[in-house]
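Spelled out from the first residue to the last, the chains are:
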Amino acid sequence: MNTEKKEKLLLALACFFAGMVFGFYSAPIKKGISVTCGNNNTIEKERKRREEK
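Quick look at the structure, then. (Residues numbered from 1 in each chain as written. Predicted model: local features only at pLDDT ≥ 70, side-chain atom pairs only at ≥ 80, totals over all residues. Heavy atoms only, no water.)

Under the defined criterion, the tally for this structure stands at 1 aromatic pair. Where phenylalanine 16 meets phenylalanine 17, the ring centres are 5.4 Å apart and the plane angle is 70 degrees; that geometry is what we call edge-to-face. Overall, phenylalanine 16 belongs to the partly exposed group, its relative accessible area being 49%. (Phe/Tyr/Trp six-rings, centres within 6.5 Å; stacked < 30°, edge-to-face > 60°. Buried < 20%, exposed > 50% of the residue type's maximum accessible area, 1.4 Å probe, protein only.)

This is the structure we're talking about:
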C-alpha cells in the first residue's frame, strides 16, 4: 500500500471509532438515565391497600 492509501484508511478508521465513542456516550441521554429492575412488583402497594381497608 502506498502512503496515501494508508492515510485514508487511518483517517477512516479514526472517524469510525470516534463515531462509536460519541454514539455510546450520547445514546443513554436520549431516553434519560434510570436505574430500575423493571419487574413491576406491587407487593408493598397491595399490603398498604389491605391495611387501609
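Right, let's talk about the pattern of salt bridges for a bit. In total, this model carries 1 salt bridge according to the counting rule given. Between glutamate 4 and lysine 8 there is a salt bridge, and its shortest N-O distance comes to 3.5 Å. With glutamate 4 and lysine 8 both in helix H1 (residues 3–31), this residue pair falls 4 residues apart, about one helical turn. (Salt bridge = Lys/Arg side-chain N within 4 Å of Asp/Glu carboxyl O. Helix = DSSP H or I, 4+ residues; strand = E, 2+ residues; numbered from the N terminus.)

This paragraph deals with a nonpolar patch on the surface. Where nonpolar side chains cluster on the molecular surface, the patch consists of Met1, Leu9, Leu13, Phe16, Phe17, Met20 and Phe24 and spans about 770 Å² of accessible area. Since its relative accessible area comes to 34%, methionine 20 is described here as partly exposed. (Patch = residues over 30% accessible without salt bridge, like charges linked within 9 Å, V, L, I, M, F, W, Y side chains within 5 Å. Areas by Shrake-Rupley, 256 points an atom, 1.4 Å probe, with all protein chains shown as cover.)

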